[in-house]
Amino acid sequence: MELLKKRIEEEGKVINDQVLKVDSFLNHQVDPLFMMEIGEAFRERFRQDGITKIVTLESSGIAPSVTAGLAMGVKVLFARKRKSLTLKEGLVSSKVYSFTKQEWSEISLSSEYLTSDDRVLIIDDFLANGQAAQGLIDMVKQTGATVGGIGIVIEKGFQTGGDTLREQGIKVESLARIQSLQDGRVTFFEEEEVHV
Ligand code: G4P
């Protein structure tokens, strides 16, 4: 997605060769109009996949999921990272290891909102080692629903998550795929050029 690559180039801050900061439109401040474009881009890429629901993980996955849900006309369910006072019944959970934070956490969602008829699009802001995505896949399967695809705003293609998920036969579509963050510069994979 050209517009996304432009925003990353103009506003992204390369923290080191592993981490990109995009707080101006994705991870802290949200640009709603731009988020609408991101939602449309996900709709384009998953229009043939029979998606009935979107599942994401709080917090930065929520904004692109809501605009994708709006574009696709489906509801959005976000998994929680912390126990909720009101969310206790019928929970499914999964343990997720964060390489960035070097800690385990338990994520959960209510099975009340997913059925075996649902075909789920999992959306997240970043794909690094794929731990969050694996946890979400695990929970979707526990509810009996099917994973119809994974939509990522920014994939760090030099980390293992994307390849591992694709090797499982899952359709993974990333709106921007970063090849490297060497020398303070963002380099994208060329294949992104073919997408709108
Ligand atoms: P993984 O799920 O792909 O294995 O990623 P990892 O555990 O390494 O990531 C943990 C958190 O860091 C996630 O956000 C993830 O989106 C984010 N993250 C990973 N790499 C980058 C990066 O290069 N830049 C930025 N900005 N974020 C990155 P989180 O802790 O769940 O945060 P939030 O959703 O509450 O904002």
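On a predicted model such as this, the values are computed, not experimentally measured, just so you know.

The rules behind these values
Here the residue index of a chain counts from 1 through its sequence in written order. For this predicted model, a pLDDT threshold of at least 70 governs which residues receive local features, and a threshold of 80 or more governs which side-chain atom pairs are given and counted, while totals over whole chains, interfaces and linings are taken from all residues. Think of the side-chain values as coming from all heavy atoms in the structure, minus any hydrogens and water. When we say a residue is near a molecule or strand, we mean one of its heavy atoms is within 4 Å of it. Polar contact is defined as a pair of N or O atoms within 3.5 Å, subject to the rule that within protein one atom must be able to donate a hydrogen and the other to accept it, and that residues adjacent in sequence are counted only when both atoms are side-chain atoms. Here the Shrake-Rupley method, with its probe set to 1.4 Å, supplies the accessible areas, and only the displayed protein chains count as covering residues. Two kinds of site are reported from a 1 Å grid over the protein atoms alone, namely cavities, where a 1.4 Å probe fits but cannot get out, and pockets, open sets with protein on both sides within 12 Å along at least five of seven lines, and residues are called lining when an atom falls within 4 Å of a point. To be counted as sitting in a cavity or pocket, a molecule needs more than half of its atoms within 2 Å of that site's grid points. The numbering of helices and of strands both runs from the N terminus, where a helix is a DSSP run of H or I of at least 4 residues and a strand a run of E of at least 2. Any two strands are treated as partners once DSSP identifies two or more bridges connecting them. Contact between two residues is taken to exist if any of their heavy atoms lie within 4.5 Å; hydrogens are not considered. Structural elements are reduced to axes, namely lines fitted to C-alpha atoms, with helices fitted over the stretch in contact, and the angle between N-to-C directions of any two is expressed from 0 to 180 degrees. In this scheme, a residue with accessible area under 20% of its type's maximum is buried, one over 50% is exposed, and one in between is partly exposed, where area comes from a 1.4 Å probe on protein chains only. UniProt positions are given in the numbering used here, feature names are shortened, and annotations may be inferred rather than shown by experiment. Each pair of aromatic rings taken from Phe, Tyr and Trp, with Trp reduced to its six-membered ring, is defined by centres within 6.5 Å and is described as stacked if the planes are under 30 degrees apart, edge-to-face if over 60, and tilted in the remaining cases. Note on criteria: charge over ring means Lys NZ or Arg CZ within 6 Å of the ring centre, with the direction from the centre no more than 35 degrees off the ring normal.

**Section: the site of the ligand**
- For the ligand, the set of nearby residues contains 22 residues, the closest of which are Leu20, Ser60, Lys81, Thr100 and Lys156.
- Lysine 81 is positioned with one of its side-chain polar atoms (N or O) 2.5 Å from an oxygen atom of the ligand.
- Within the side chain of serine 98, one N or O atom sits 3.3 Å away from an oxygen atom of the ligand.
- Burial of the ligand by the protein chains amounts to 84% of its free accessible area of 720 Å².
- Of all the cavities here, the one that holds the ligand is the largest pocket.
- Where the shell around the ligand is concerned, the elements lending two or more residues are strand S5 (91-98), strand S7 (119-127) and helix H5 (131-142).

**Describing the sheet that holds strand S9 (residues 172-180)**
- With mixed pairing, the 6 strands of this open sheet are ordered in space as S4-S3-S7-S8-S9-S10. Each edge of the sheet is formed by a strand with only one pairing partner; in this case those strands are strand S4 (75-79) and strand S10 (187-188).
- Sheet topology note: the S7/strand S8 (residues 146-156) ladder contains 8 bridges and is parallel. Paired with leucine 127 across the strands is glutamate 155, a residue of S8.
- Contacts between helix H3 (residues 32-45) and the sheet are confined to S7, S8 and S9, with S9 contributing the most and set at about 115 degrees to the helix.

**Observations concerning the side chain of threonine 67**
- Within the secondary structure layout, threonine 67 lies in helix H4 (residues 62-72).
- The buried category is assigned to threonine 67, whose relative accessible area is 9%.
- Discounting residues that sit within four places of it in the chain, threonine 67 has contacts with Met35, Met36 and Gly39.

**Quick word on the UniProt feature "binding site: xanthine" (unreviewed entry) in the chain**
- UniProt tags Leu20, Asn27 and Lys156 as "binding site: xanthine" (unreviewed entry). Of the annotated positions mentioned, Leu20, Asn27 and Lys156 line the largest pocket.
- Secondary-structure assignment places asparagine 27 in helix H2 (residues 23-27).
- Classification of asparagine 27 by relative accessible area gives partly exposed; the value is 26%.
- The residues touching asparagine 27, leaving out its near neighbours within four places in the chain, are Val22, Ser60, Asp125 and Phe126.
- Structurally, lysine 156 can be placed in strand S8.
- Judged by relative accessible area, lysine 156 falls into the buried class, the value being 9%.
- Discounting chain neighbours no more than four positions away, the residues touching lysine 156 are Gln18, Val19, Phe126, Leu127, Ala128, Ile178 and Leu181.

**A short note on the packing of aromatic side chains**
- This structure, assessed with the given rule, holds 2 aromatic pairs.
- With centroids separated by 5.3 Å and ring planes inclined at 80 degrees, the aromatic side chains of phenylalanine 25 and phenylalanine 34 adopt a geometry described as edge-to-face. In this structure, phenylalanine 25 and phenylalanine 34 share a single accessibility class: buried.
- On the numbers, 5.2 Å between centres and 55 degrees between planes, the contact of tyrosine 97 with tryptophan 104 is tilted.
- With a relative accessible area of 22%, tyrosine 97 lands in the partly exposed category.
- Look at tryptophan 104 and you get exposed, because its relative accessible area is 58%.
- Against the face of phenylalanine 34 rests arginine 7, its NZ or CZ located 4.7 Å from the ring centre.

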